[in-house]
Structures are given as C-alpha cells and as structure tokens.
Amino acid sequence: MAPVKVTKICCIGAGYVGGPTCAVIALKCPHIQVTIVDLNQARIDAWNSPDFSLPIYEPGLEEVVRQARGRNLFFSTDVDKGIREADLIFVSVNTPTKKSGVGAGFSADLTYVESATRRIAAVATSSKIVVEKSTVPCRTAESMRTILEANSKPGTHFDILSNPEFLAEGTAIADLFRPDRVLIGSLQTQEGKDACASLAEVYANWVPRGQILTVGLWSSELSKLAANAMLAQRISSINALSAICEATGANIDEVSHAIGYDSRIGPKFLRASVGFGGSCFQKDILNLVYLSESLHLPQVAAYWRQVVEMNEYQKGRFSKTVVDTLFNTITSKHIAVLGFAFKADTGDTRESAAITLIRDFLSERAYVTIYDPKVDESQIWLDLSEACPGMTLEAIKKQVTIARSALDACKQKEAVVIATEWKEFKEIDWKTVYSQMTKPAFVFDGRLILDAEKLRDIGFTVKVIGRGDRL
C-alpha cells in the first residue's frame, strides 16, 4: 500500500510542544489543515484570543500564529471532531514524573498518553497514523498499539510512529524552522515504513531530506531520552568543575573556553550555572534511571542518577554561599531574586533553580522579593506552594513579595541573586541599585552574566559561581 497523503492533522495537547510544533507545520504546509485540540478551555481561549495573548511565551511564536490561525491552523476543545477528521494525529500530552505508586519520583506518568490513546480508539471511524510526540519511556508505542488494536472498530487500522521533539525553550521556533534533524521511528514493517514516509513528506515541505532520519520505533524513543541525558550530563560536569574552581581560585569561564576549543568536545553546554531546570532534563534522566533499574542494570542507573544529584548539589551549594557570605545568617534579611523562569526567553518555571533557591531562603526565614519579566504571579505562588508544603500560601506571602521591575525588586535589599539569565539584568543601572541598597551590598551571580569587576568598582561585594577568591 502506498503512503497516505496527509491533508488533515490533529494534535492532542496545546502545550509547550504541541502548540509551537503544529503552528509551524501549519505555517510551512498551507495545504494541510492543522487542528490543535485540548480539553483545557482557558488554554484554547488564549490560543484563539483576538489580541494574541498566547498561553506560551516563545520568541517568534506570535508571528507564526498570526500568519496561520484561521487560514489552516485552528484551536478547539472538540477533541472528538479533531480525531475523526484527521489523517495523522500527534499525541502531545504531558508526561510528568510519577508522584506516587510504583516508580514514584522516577518513572513517567503515562496517564494522559493512555487516555488520549483510548480516546482515539473510541472515536476514530477510519484508519489513522498516530504519532507519539510526548517524551515517553522506551516501548511506550507498544502499549499504545496494544490499546488501539484492542479497541479499534472494524475496518480501521492504526500505524504508530515516534517523532520526539528536540526543541530548546527560548529558541523553539528557530529550532523548528531549521532543525538539526527530524527523527521518525516506525515499526520496520511495510505498513510502518509507509506511515513513516507519510510523516516525512510533511516535514519535507521545509526540512532537507538529508536531515529527516528514519529509524526503528524503540531507537527513536530512546534517542530522545539519551539526547537530553547527554546534554544534562555536560551541564553537571561543568558545574562539578565550577566547585573546584571556587576552591582553587580558577575561573570556570576560562576553563570552559579552553576545553571548548577541543573539536572533540566543542563549546556548547559548557556554561556553569546555579543548575539546569525545565520540563525535560531531570524528568528524562530519572526516566532513564528507572528504565535501567527495570532492566536490572544498577550501575547504569547509578551513573545517570549522579547527573541529577550533582544538579541538586549545585543549587544547594549556591544557597549556602549566599548564607555564608551574608555573615552566616539570612534570618530577617531582605534578598532580591532576579528571574524565576528556568531559563531566559521563556515563561516556563518547571524545575527552575530559582524555586529551590527561594525555598532554601524561606527556610532560613529570609524575606524575598522576586522579579521575572515573563512569569505570571499566579504561577509563582503555585510553584512556591508546591515547593514549600510545610507553609501555607498565606505564610509564604508574608515572606515573599513580587516586584514589577528589577529596580523595584532591589530597593532596600541586602543582596541581589541572579537566578535567570535574562538579558535585561545585564543592562540594569547598577549604580542606582547600589545607592538604594542596604550596605554592605551583595550580588550573587548564578548565571555568569554580570561584569563582576564593574560591580566591585561601584562598591558591591560580588560572588560569581565558578570563580574563586584566590589570585
């Protein structure tokens, strides 16, 4: 049977992956109707908002949606209609780390994936290509295929593909326009290869054929986990070296620069920081740990677990530096935390290092003022409530204030902590900040973005991650 020509796509899940990915597909494939469906009415309303107040901040996303929405890009809560009409369905739902039961704290919670799969089986009246877009454990596609085949109607056939995303938040649109590669995994049957060719044809509208990689289903699933684990490993490696730099007087920037010149290593992901965050790195490594343990590979599991443990150590080490530098106590002291998103150019706060730092400061009974240019207040309160289960929201609000600007956040504070590398923090009028702070005034740069010498000339005491005090 020849590959199906895809004319209608449905994406189940209007979040950080499904929204941008399918918006770009719609833009690049005007001949394909793309419908993104989600049961969350508020989220769909935001995608459809007349003033384009989208539920996700991502540079370039609004321009893409403006061009395609209403032409061949649609957002709806009518999940069943989207499923029925589509030739190809992306399953792009949340797969958080399990909080209870077997594998709690490590394995992925596939509740939403299973729910979406069962819905497809229940509603579909014609054959479909079902594409696993969510980050999932190896062999999840096998479970999806079992559910679909057990519940399919007579005359309907389902082909399962794995098409993991490799987007970096903050550059997702650029990544989608010019991907390093598009990975499509399929069963190595003729039907599987035909389904793979159908999806490859969609991407070939703008991605060079040589960058569309077709592999086996299980290899595709594992490649996503492996890619994130390798990137996180580099961050934890350079952060481990930053601790040695601080103890010896070496400079982590200089070390990173020197080793990055080695063509075998390269310069990317060698920037020390207070720690990595985001929805993928920690979740995917923990998934890999759980998979390794399930396969009776304890040494492999221990190896990858150490990447996450080093990340937690780095955050705790930075918190301790703040306390130690502020004369061994921050009780009743006022600290400004600049940045709450896990990285610049996104409003995503999942696993953000800032949350851990603020939790530590609150446990020391400090007063914290937060400023972030893109994160909603409601999200900050939600994240802090989850991070501090022993405190009521009312108690948290007695210790935490949210500011409207960086300058406002820094007024009358003993210390400023840089937790996210927003560009605007480099451009703050630090002389004005210094004049309005309690003296001695401290700055803790957890993202290596400030000119420490200039700040010292103004009068600040500056602590930079990965730089020791010794000459």
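About the thresholds
- Residues numbered from 1 in each chain as written.
- Predicted model: local features only at pLDDT ≥ 70, side-chain atom pairs only at ≥ 80, totals over all residues.
- Heavy atoms only, no water.
- Pairing = 2+ DSSP bridges.
- Helix = DSSP H or I, 4+ residues; strand = E, 2+ residues; numbered from the N terminus.
- Axes fitted to C-alpha atoms, helices over the stretch in contact; angles between N-to-C directions.
- Patch = residues over 30% accessible without salt bridge, like charges linked within 9 Å, V, L, I, M, F, W, Y side chains within 5 Å.
- Areas by Shrake-Rupley, 256 points an atom, 1.4 Å probe, with all protein chains shown as cover.
- Salt bridge = Lys/Arg side-chain N within 4 Å of Asp/Glu carboxyl O.
- Buried < 20%, exposed > 50% of the residue type's maximum accessible area, 1.4 Å probe, protein only.
- Polar contact = N/O pair within 3.5 Å; in protein donor to acceptor, adjacent residues only side chain to side chain.
- Contact = heavy atoms within 4.5 Å.
- Phe/Tyr/Trp six-rings, centres within 6.5 Å; stacked < 30°, edge-to-face > 60°.
- Expected span 1.5 Å × (residues − 1).
- Arc of directions from axis to C-beta.
- Core = buried A, V, L, I, M, F, W, Y, C linked by side-chain atoms within 4.5 Å.

A. Local environment of the sheet that holds strand S4 (residues 88-91). Pairing in this open sheet of eight strands is mixed, and the strands run S3-S2-S1-S4-S5-S6-S7-S8 from one edge to the other. The open sheet has two edge strands with one neighbour each: strand S3 (73-76) and strand S8 (212-216). Averaged over all neighbouring strand pairs, the angle between strand axes comes to 25°, with direction disregarded.

B. A nonpolar patch on the surface, seen in detail. A cluster of nonpolar side chains, Leu295, Leu297 and Val300, forms an exposed patch at the surface whose accessible area comes to about 240 Å². One can find Leu295 in the loop between helix H11 (281-294) and helix H12 (298-325).

C. Broad picture of the side chain of Thr325. Tracing the backbone through its elements, the reader meets Thr325 in helix H12. The class for Thr325 is buried, based on a relative accessible area of 15%. Within the structure, the side chain of Thr325 is placed 2.6 Å from the backbone oxygen of Thr321, a separation counted as a polar contact. Leave out the neighbours within four places in its chain, and Thr325 touches Phe442, Phe444 and Lys463.

D. Representation of the packing of aromatic side chains. On inspection of all chains with the given rule, the structure shows ten aromatic pairs. On the basis of an interplanar angle of 50° and a centroid distance of 6.3 Å, the ring pair of Phe269 and Phe281 is categorised as tilted. In this pair, Phe269 is assigned in the loop between helix H10 (252-260) and H11 and Phe281 in helix H11, connecting sequence segments twelve residues apart. Residue Phe269 is classed as partly exposed on the basis of its relative accessible area of 37%. Relative to Phe460, the ring of Trp430 has its centre 5.8 Å away and its plane inclined at 85°; by these criteria the two rings are edge-to-face.

E. Here's a closer look at helix H6 (residues 140-151). Taking 1.5 Å per residue as the helical rise, H6 with its twelve residues ought to reach 16 Å, and the 17 Å between its terminal C-alpha atoms agrees with that figure. Buried within H6 we find Thr140, Ala141, Met144, Ile147 and Leu148. Axial view of H6: buried residues confined to an arc of 125°, hence all on one face. For H6, the exposed residues set more than 90 degrees away from the buried face come down to Thr146 and Ala150. At its buried positions, H6 is contacted by S4, helix H5 (111-123), strand S5 (128-132), strand S6 (158-162) and helix H9 (217-248).

F. Examining the nonpolar core more closely. Core analysis: the biggest nonpolar cluster contains 65 residues, and Ile335, Leu338, Phe361 and Trp430 have the highest contact counts within it. When near neighbours in sequence (up to four residues on either side) are disregarded, Leu338 contacts Tyr371, Ala406, Ala409, Cys410, Val416, Val417, Ile418, Ala419, Thr420, Phe425, Ile428 and Trp430. Membership of the second largest hydrophobic core comes to 43 residues, among which are Ala23, Val65, Val202 and Trp206.

G. A look at the sheet that holds strand S11 (residues 400-402). Strands sit in the order S11-S10-S9-S12-S13-S14 across an open sheet of six strands; the sheet is parallel. Where the open sheet ends on each side, the last strands, each with one partner, are S11 and strand S14 (461-464). The mean angle between the axes of side-by-side strands here comes to 20°, regardless of whether they run parallel or antiparallel. Both strand S10 (residues 367-371) and S11 contribute to a ladder of three bridges, which runs parallel. Looking across to S11, one finds that Thr369 is bridged to Thr401. Where helix H13 (residues 353-363) meets the sheet, its contacts fall on strand S9 (334-338), S10, S11 and strand S12 (415-418), and the angle it forms with S10 comes to roughly 160°.

Interpretation in functional terms is not warranted from these geometric data alone.
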